[in-house]
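Chain by chain, the residues:
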Amino acid sequence: MKAVVMAGGRGTRIAAVHSEIPKPMIPLLGKPVLERQIDALREQGFTDVVLVIGYLGHVIRRYFGDGSGISPADGKPFGVHIAYVEETEPLGTAGALYLLREELSQGDFLLLNGDILFDVDISRFYRAHKAHGGLATLFTHPNSHPYDSGILVTDETGRVQNWLHREDKRLWVQNRVNAGLHFLSGRIFSPEFGLFRELKKMDLDREVLKPLIPSGGLYAYDSPEYVMDMGTPDRLEAASEDLRAGRVRAKNLRFKQRAVFLDRDGTVNRYAGFLRRPEEFELLPGVGQAVRRLNQAGILAVVATNQPVIARGEVTPAGLREIHNKMETLLGREGAYLDGIYVCPHHPDGGYPGERPEYKIDCACRKPKPGLLLRAAEDLQIDLGASWMVGDTESDMEAGRAAGCRTAFLGERDAQGRPGYPDLAAAVDDILKISGK
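Position numbers for residues start from 1 in each chain and track the written sequence from start to end. Local features in this predicted model are restricted to residues whose pLDDT is 70 or higher, and side-chain atom pairs enter the listing and the counts only when it is 80 or higher, whereas totals over whole chains, interfaces and linings include all residues. As a rule here, side-chain values cover all heavy atoms of the structure and leave hydrogens and water aside.

Draft legend 1. Just the sheet that holds strand β15 (residues 300-306), in detail. Being paired, for any two strands, means DSSP has found at least two bridges between them. Under the DSSP-based scheme used, a helix requires at least four consecutive residues in state H or I and a strand at least two consecutive residues in state E, with every element numbered from the N terminus. Pairing is parallel across the open sheet formed by 5 strands, whose spatial order is β16-β15-β14-β17-β18. Only two strands of the sheet have a single partner each, and these edge strands are β16 (340-344) and β18 (406-409). Neighbour to neighbour, the strand axes of the sheet diverge by 20 degrees on average, direction disregarded. Bridge count between strand β14 (residues 259-262) and β15: 4 bridges; the pairing is parallel. Residue pairing across strands places Phe261 opposite Val302, the latter belonging to β15. Structural elements are reduced to axes, namely lines fitted to C-alpha atoms, with helices fitted over the stretch in contact, and the angle between N-to-C directions of any two is expressed from 0 to 180 degrees.

Draft legend 2. Focus on the pattern of salt bridges. A pair is scored as a salt bridge if a Lys or Arg side-chain nitrogen falls within 4 Å of a carboxyl oxygen belonging to Asp or Glu. Tallying each qualifying case throughout the model produces 35 salt bridges. Among the salt bridges present, the one from Asp39 reaches Arg42, with a minimum N-O distance of 3.1 Å. Here Asp39 pairs with Arg42, and both are found in helix α1 (residues 33-43), just 3 residues apart, close to one helical turn. Among the charged side chains, a network of salt bridges with common partners joins Lys31, Asp39, Arg42 and Asp74.

Draft legend 3. Representation of helix α4 (residues 122-132). Exposed residues in this analysis have more than 50% of their type's maximum accessible area, buried residues have under 20%, and partly exposed residues fall in between, with area computed by a 1.4 Å probe over protein chains only. Those residues of α4 not exposed but buried are Ile122, Arg124, Phe125, Ala128 and His129. On an axial view of α4, the arc spanned by its buried residues comes to 165 degrees, and they lie on one face. Away from its buried face, by an angle of more than 90 degrees, α4 presents the exposed residues Arg127 and Ala131. Side-chain atoms alone can form a polar contact between residues adjacent in sequence; in general such a contact is a pair of N or O atoms within 3.5 Å, and within protein one must be able to donate a hydrogen while the other accepts it. Between the side-chain oxygen of the N-cap and the backbone nitrogen of Ser123 there are 3.3 Å, and the N-cap of α4 in question is Asp121. Trailing α4 by a residue or two, Gly133 shows a phi angle of about 65 degrees, which is positive. By definition, the arc is the one covered by directions from the helix axis to the C-beta atoms.

Draft legend 4. Structural view of the layout of surface pockets. As a volume, the second largest pocket reaches approximately 1400 Å³. Lining the second largest pocket are 44 residues; nearest its centre among them are Glu156, Gln174, Arg176, Asp222 and Ile341. Residue assignment for the lining of the second largest pocket shows that the elements contributing at least two residues are α4, β9 (151-154), β10 (160-164), β12 (218-222), α9 (317-333), β16 and α10 (371-380). Ranked by the residues each element gives to the lining of the second largest pocket, the list is headed by α9, at 8 residues. In this analysis, the protein atoms alone were mapped onto a 1 Å grid. Cavities are point sets where a 1.4 Å probe fits without being able to get out; pockets are open sets with protein on both sides within 12 Å along at least five of seven lines; lining residues have an atom within 4 Å of a point. Grid points are joined across faces, edges and corners, and a volume is the space filled by probe spheres set on the points.

Draft legend 5. Structural context of unusual backbone geometry. With an omega of 25 degrees, the peptide bond running from Lys367 to Pro368 counts as cis. In this fold, Pro368 is placed in the loop between β16 and α10. The backbone phi angle of Leu29 is positive, close to 50 degrees, even though this residue is not glycine. Of note, Leu29 is situated in the loop between β2 (27-28) and β3 (31-32). The class of Leu29 is partly exposed, set by a relative accessible area of 42%. Despite not being glycine, Gln381 has its phi angle at roughly 60 degrees, a positive value. Tracing the backbone through its elements, the reader meets Gln381 in the loop between α10 and β17 (388-391).

Draft legend 6. Layout of the packing of aromatic side chains. To pair, rings of Phe, Tyr and Trp, with the six-membered ring standing in for Trp, must have centres within 6.5 Å; the planes then decide the type, stacked if under 30 degrees apart, edge-to-face if over 60, and tilted in the middle. Applying the stated criterion to the full structure yields 10 aromatic pairs. Where Phe125 meets Phe139, the ring centres are 5.5 Å apart and the plane angle is 85 degrees; that geometry is what we call edge-to-face. Of this pair, Phe125 sits in helix α4 while Phe139 is found in strand β8 (residues 136-141), placing the two residues 14 residues apart along the sequence. The two residues Phe125 and Phe139 agree in class, both being buried. Joined through ring pairs, the aromatic side chains of Phe125, Tyr126, Phe139, Phe183 and Tyr221 make up one cluster. A cation sits over an aromatic face here: Arg101 above Tyr98, 3.8 Å from the ring centre. Lysine NZ or arginine CZ positioned within 6 Å of the ring centre and within 35 degrees of the ring normal marks a charge as sitting over the ring. The ring of Phe274 is capped by Arg312, whose NZ or CZ atom sits 4.0 Å from the centre of that ring.

Draft legend 7. Highlighting the state of the cysteines. Counting rule for disulfides: a pair of cysteine sulfur atoms within 2.5 Å. For the structure shown, the criterion picks out 0 disulfides. The closest cysteine sulfur to the non-disulfide-bonded Cys405 is located on Cys365, 16 Å from its own sulfur.

Draft legend 8. A look at the nonpolar core. Counting residues in each nonpolar core, the largest one holds 45 residues, and the members touching the most others are Phe64, Phe118 and Leu181. If one sorts the elements of this core by residue count, α1 sits on top with 5 residues. We call two residues in contact when some of their heavy atoms are within 4.5 Å. Apart from the residues lying within four places of it in its own chain, the contact partners of Phe64 are Met25, Leu34, Glu35, Ile38, Phe78, Ile82 and Tyr84. Counting 33 residues, the second-largest nonpolar core is a separate cluster that includes Val85, Leu135, Leu204 and Leu218. For this analysis, a nonpolar core means a set of buried residues of the types Ala, Val, Leu, Ile, Met, Phe, Trp, Tyr and Cys, connected via side-chain atoms within 4.5 Å.

Given below as structure tokens:
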């Protein structure tokens, strides 16, 4: 399968740091970001690479050649075959695909932006693409700045229903951002979609991908793995530090992850009884900073919450998603994000007006049972023995212990009389110290 890298960008936002080389050649700890991409592709079996070049493209050609040579950075073989498509005039983030339409139309291909640092399990991503059977699957993730990023809105299956660009009005939204890696079917070149009729400048997001939404063929693949856009000096420095600390490789889902599971009510937000409306949701002081510290340490932050309001018929699943969208939006404003939200909607007892019988079951996921944590561990490759459960009830502690996690109780003393933590920030302080972070 071919991997196509859009490496023709000029990088106007980062020109103050590196103006003499094309953006994909900006070095990260002595190695160009584009070479780090090629390393990641080769490691996972992608050895047929097409580089779309433009601004200062000769610099890229001179460095990589046809991929048969030796890296000037580390003295190792590139180990790939590289072909080039050179733009004689700027064609945007997708226009050059017109020149590749014949060779890409027969199967799937991987398309990625040339200015991102990533280390992800590409095989897992591709399996999701094949399972969806759509025209395109976008690698999406939460990030620390969703307020200035494009946001994807999907249904429960991952099918994209809307794409909110930075200028679009938004209130409460899930922190789901297109990361710049895409699996596309060659069917996108079919005349029925009318996308590539001529050679012209095109924007990948707005003119190719978003128009696929009405067809039902655009999907999102959510992952907590490491992807960072190198577009600003601050992000360049952050990516360098993440490489230095080993966080880039460690977040690949081929490897086991450490997580902190968080109860929601009384842990993340101020307890308000049976919370039914977004207006009732309020982050507790210090929570944003605490979650951000977990993000920066490379530890997954995962909410695991019982929400019997669904079974009681007091909140719809869509209404609960809106509440959680507010939670993600408020955290995003503080530069923090959640890597997953796992909900038990069940309640075994009946007799409530308007209750929903399909949720009135004795399930395996309602805390103090560990089902939510076990499901998250399977989805996100979590090492439960190296992870924590943080909450304000004994039910949370029992669920954590049953899953094999360490526990941190928020409150004066837990059920065994042991001192607890006054808030999430204090618990995270200790967790990071014990974890060597």
